[in-house]
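Okay, here's what each chain looks like letter by letter:
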Amino acid sequence: MYHYLWSLLFWYFRPLIKWFLHRTTQMCELQRICYGEPAGARRILAVEESLRNSRNPDIKTLVLYLDGVSDRREITTKSERGILEEAIRTVLVAKKINPVAHPDFAKSFGKCVELIWGYRQLCIHVEELRRTAYDADNAEHELMLLKLWNLLMPHEPLEGRVTKQWQDIGFQGDDPKTDFRGMGILGLENLVYFAQEFPNAAKHVLLHSIHPRYGYAFAIVGINLTSMALRLLRDGSAKTHVYNAVKTLPTVRVFHQFYCYLMYEFDRLWIESKPSNMMEFSTIQEKFENSIRILLNNPKTVFRVNISVDNV
Amino acid sequence: MLTTFQGLLSILRKLRSNPDRELRLLLLGLDNAGKTTLLKSLASEDITQVTPTQGFNIKSVQSEGFKLNVWDIGGAKKIRPYWRNYFENTDVLIYVVDSADIKRLDETGRELAELLMEDKLRNVPLLVYANKQDLAQAVTAAEIAEGLGLHNIKDRDWQIQSCIATEGKGVKDGLEWACKSIKKK
């Protein structure tokens, strides 16, 4: 009920308030955001809201156009410049902003557009990887799986493609191929990225996972955390982190890094909780997800994998 | 006045005659049998993004005037020793088999035989889902029943139901049997 009343008031009074502020400050809402809000998530989220709520026909068309190019994954390092210039030009004209008098606005606004639609494009890309099922007949997939083993267990050669050894790194049975399930190749790529880019952190976590009392299945927990990372990305909670973490077009790397942070921090919480056995996973995972959501609610949040471990 | 009173009375009567009995269903089976997909399919949730179960999942579903609390416990070898922690007060044991995983039919049979010997599961009706009937290598429900030796079970009601959990096919039929077998008791 309150929500309804609020949106009704918002709908009628927003233009009025905007007109008043435009008159008194001599600037449009987008300008006020770009000058007033600190760079990063606060500014980008505000610009995003402003553009999505805009009733200016030119801006509405622009938003539709940007949605389209990002949904088709057409924003590349090559095409990006043209797309951003087009967005900036549209807003300058629609809002009658003089680019000579406001040179900083174009730059700052362009950055926001790059991050907002880069994030949208990232969601599409990650979803494609998730939908790609692990395929044992695909040489690339198989190589990636073997790579994971070699990164985690460099001193222990794999005795065969199907072997009990896979359970040492936390797969359920003798053949990991069925464990990726609904997370597809995304689950494997995340694990490989963690083991490759943060080798010491990954070893540290893997060691905890074989702890005689607090042990857990490394790979399976890893796949479940891919699912969690994806939930946070999809519902937009991860925007805070992404908008603060990158300065250029977000790629799948930023998602992998976000995942690595979750792996490392989940392991820490798990060991701290002293669980009596693996059956406590759902409870602790839920607690973990809630704490991450609270952190992401703070627009200043940006996650970094604990570097100290990786320098040891 | 009288009609209001009568109306109230009938509502009260309905409440009493429909206590919405709660049942505890235990879903077990080897890893990758399809337990979580089955659970999600029962709860009408998205089944495309299932992950291997570390620990357990639980969901409540309404069916045939019962409130079914379904417990889905992970099937990995390392988790199987914890299955026993969930035996208590089980009304129906649901055992899920991957009909296409012929290599592990023996293993799943051994696990089931052990379950049937458990004291805490004595007389508990058994529903076996012969899952993944859509896969080319899948064997029929009859062959699964044969492989698991279901026909030798004398101490409890049992039923085998072929199903395709990813499409929801056969899932409801199995559940109806489970509810009926409880009503009979």
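Residues numbered from 1 in each chain as written. Chains lettered and ligands numbered in written order. Predicted model: local features only at pLDDT ≥ 70, side-chain atom pairs only at ≥ 80, totals over all residues. Heavy atoms only, no water.

Some details on the pattern of salt bridges
Here's step 1: Tallying each qualifying case throughout the model produces 36 salt bridges over all chains.
Here's step 2: Residue Arg89 of chain A pairs with Glu86 of chain A through a salt bridge whose shortest N-O separation is 3.2 Å. Taken together, the positions of Arg89 of chain A and Glu86 of chain A, both in helix H5 (residues 80–94) and 3 residues apart, correspond to about one turn of that helix.
Here's step 3: Beyond isolated ion pairs, a larger network of salt bridges with shared partners links Asp31, Arg80, Asp101, Arg104, Glu107 and Glu111 of chain B. (Salt bridge = Lys/Arg side-chain N within 4 Å of Asp/Glu carboxyl O. Helix = DSSP H or I, 4+ residues; strand = E, 2+ residues; numbered from the N terminus.)

Let's talk about the nonpolar core
Here's step 1: In terms of nonpolar packing, the biggest core is built from 97 residues, with Phe109 and Phe194 of chain A touching the most fellow members.
Here's step 2: For this core, the element with the highest residue contribution is helix H12 (residues 252–273) of chain A, accounting for 13 residues.
Here's step 3: Residues from two domains meet in this core; each of domain 1 (2–125) and domain 2 (132–296) of chain A gives at least three.
Here's step 4: Those residues within four positions of Phe109 of chain A in sequence are excluded, and the remaining contacts are Leu30, Cys34, Val47, Leu51, Ala87, Ile88 and Val91 of chain A.
Here's step 5: Core analysis: the second largest hydrophobic core is formed by 32 residues, Met279 of chain A together with Phe87, Val128 and Ala145 of chain B among them. (Core = buried A, V, L, I, M, F, W, Y, C linked by side-chain atoms within 4.5 Å. Buried < 20%, exposed > 50% of the residue type's maximum accessible area, 1.4 Å probe, protein only. Domains from an automatic or database assignment. Contact = heavy atoms within 4.5 Å.)

Some points on H5 of chain A
All names here are of chain A.
Here's step 1: Compared with the 21 Å implied by 1.5 Å per residue over 15 residues, the 21 Å span of H5 between its first and last C-alpha is a close match.
Here's step 2: Turning to H5, its buried residues number three or more, namely Glu80, Ile83, Leu84, Ala87, Ile88, Thr90, Val91, Leu92 and Ala94.
Here's step 3: Looking at the buried residues of H5, the elements they touch are helix H2 (29–36), helix H4 (57–71) and helix H6 (103–131). (Expected span 1.5 Å × (residues − 1).)

Some points on helix H10 (residues 218–234) of chain A
Residue and element names in this part refer to chain A.
Here's step 1: Counted at 1.5 Å a residue, the expected span for H10 with its 17 residues is 24 Å, and the 24 Å between its end C-alpha atoms agrees.
Here's step 2: With 15 of its 17 residues buried, H10 lies for the most part within the structure.
Here's step 3: The positive-phi residue at the C-terminal boundary of H10 is Gly236, with phi of around 90 degrees.

Observations regarding the pairing of strand E6 (residues 158–162) of chain B
Residue and element names in this part refer to chain B.
Here's step 1: Two strands pair when backbone bridges link them, and strand E5 (residues 126–131) and E6 are joined in this way by 5 bridges, in the parallel orientation. Note that in E6 the partner of Ala130 across the bridge is Ser162.
Here's step 2: The parallel pair E5 and E6 is bridged by helix H4 (residues 141–148), and the resulting crossover is right-handed. (Pairing = 2+ DSSP bridges. Right-handed = clockwise from strand over helix to strand, strands pointing away.)

What about the UniProt feature "signal peptide" (unreviewed entry) in chain A?
Here's step 1: Taking the numbering used here, the UniProt-annotated feature "signal peptide" (unreviewed entry) corresponds to residues 1–19 of chain A.
Here's step 2: Overall, residues 1–19 of chain A shows 95% helix and 0% strand. The separation of its end C-alpha atoms is 28 Å. (UniProt positions renumbered as here; feature names shortened; annotations may be inferred.)

A short note on the domain arrangement of chain A
Residue and element names in this part refer to chain A.
Here's step 1: The assigned domain composition of chain A is domain 1 (2–125) and domain 2 (132–296).
Here's step 2: On the domain 2 side, the residues contacting the 18 residues of domain 1 number 18 residues.
Here's step 3: Buried surface at the junction of domain 1 and domain 2, summed over both partners, amounts to about 1,500 Å²; 71% is from carbon and sulfur atoms.
Here's step 4: The largest contributions to the domain 1 side of the interface with domain 2 come from Leu115, Tyr119 and Leu122, which together make up 45% of the buried area.
Here's step 5: Summed over the shared surface of domain 1 and domain 2, the number is 1 salt bridge.
Here's step 6: On the surface where domain 1 and domain 2 come into contact, there are 6 residue pairs in polar contact (both at pLDDT 80 or more). (Buried area = accessible area lost by both parts, 1.4 Å probe. Polar contact = N/O pair within 3.5 Å; in protein donor to acceptor, adjacent residues only side chain to side chain.)

Brief notes about the environment of Leu188 of chain A
Residue and element names in this part refer to chain A.
Here's step 1: For Leu188, the location among the structural elements is in helix H8 (residues 184–197).
Here's step 2: C-alpha separation for the pair Leu188 and Ala139, spaced 49 residues apart in sequence, amounts to 14 Å.
Here's step 3: Those residues in contact with Leu188 that sit more than four places away from it in its chain are Tyr134, His141, Met144, Leu145, Leu148 and Phe180.

Side note on the confidence of the model for chain B
Here's step 1: On average, chain B scores 90 in pLDDT, and the residues at 70 or more come to 89%.
Here's step 2: For this predicted complex, the interface score ipTM comes out at 0.85, alongside a pTM of 0.90. (pLDDT = per-residue confidence, 0-100.)

Here's the deal with unusual backbone geometry
All names here are of chain B.
Here's step 1: For Ser44, which is not a glycine, the phi torsion comes out positive at approximately 55 degrees.
Here's step 2: Position of Ser44 among the secondary structure elements: in the loop between helix H2 (35–42) and strand E2 (56–63).
Here's step 3: The class of Ser44 is exposed, set by a relative accessible area of 65%.
Here's step 4: Here the phi dihedral of Asn123 falls at roughly 65 degrees; this positive angle occurs in a residue that is not glycine.
Here's step 5: Take Asn123: it is sitting in the loop between helix H3 (105–116) and E5.
Here's step 6: Among the residues examined, Asn123 registers a relative accessible area of 43% and is labelled partly exposed.

With respect to the interface of chain B and chain A
Here's step 1: Of the residues lining the interface, 19 residues belong to chain B; the matching set on chain A comes to 22 residues.
Here's step 2: Summed over the three residues of chain B that lose the most area to chain A, namely Gln49, Pro52 and Gln54 of chain B, the buried surface amounts to 38% of that side.
Here's step 3: Here chain B is connected to chain A by 0 salt bridges.
Here's step 4: Linking chain B with chain A are 8 residue pairs in polar contact (both at pLDDT 80 or more), by the criterion used here.
Here's step 5: The residue inventory of the side of chain B that touches chain A, partitioned by class, reads 8 nonpolar, 8 polar and 3 charged. (Nonpolar A, V, L, I, M, F, W, Y, C, P; charged D, E, K, R; others polar.)

Side note on the packing of aromatic side chains
Here's step 1: Counted according to the given criterion, the structure contains 16 aromatic pairs over all chains.
Here's step 2: A centroid spacing of 5.6 Å and a plane angle of 75 degrees characterise the contact between Trp149 of chain A and Trp166 of chain A, whose relative ring orientation is edge-to-face. You can see Trp149 of chain A sitting in helix H7 (residues 139–152) and its partner Trp166 of chain A sitting in the loop between H7 and H8, a full 17 residues away along the chain.
Here's step 3: When its relative accessible area of 0% is taken as the criterion, Trp149 of chain A is described as buried.
Here's step 4: A relative accessible area of 0% places Trp166 of chain A in the buried class.
Here's step 5: Measuring from ring centre to ring centre gives 5.9 Å for Trp71 of chain B and Tyr86 of chain B, while their planes differ by 50 degrees; the resulting arrangement is tilted. Here the residue Trp71 of chain B occupies a position in strand E3 (residues 66–73), and Tyr86 of chain B occupies one in the loop between E3 and strand E4 (92–98), the gap between them amounting to 15 residues.
Here's step 6: Owing to a relative accessible area of 18%, Trp71 of chain B belongs among the buried residues under this scheme.
Here's step 7: Aromatic rings pair up to connect Tyr134, Trp149, Trp166, Phe171 and Phe180 of chain A into one cluster.
Here's step 8: In this arrangement the basic side chain of Arg55 of chain A is found over the ring face of Trp11 of chain A, its NZ or CZ atom lying 3.5 Å from the centre.
Here's step 9: The positively charged end of Arg24 of chain B is found above the aromatic ring belonging to Trp71 of chain B, 4.6 Å away from the centroid. (Phe/Tyr/Trp six-rings, centres within 6.5 Å; stacked < 30°, edge-to-face > 60°. Lys NZ or Arg CZ within 6 Å of the ring centre and 35° of its normal.)

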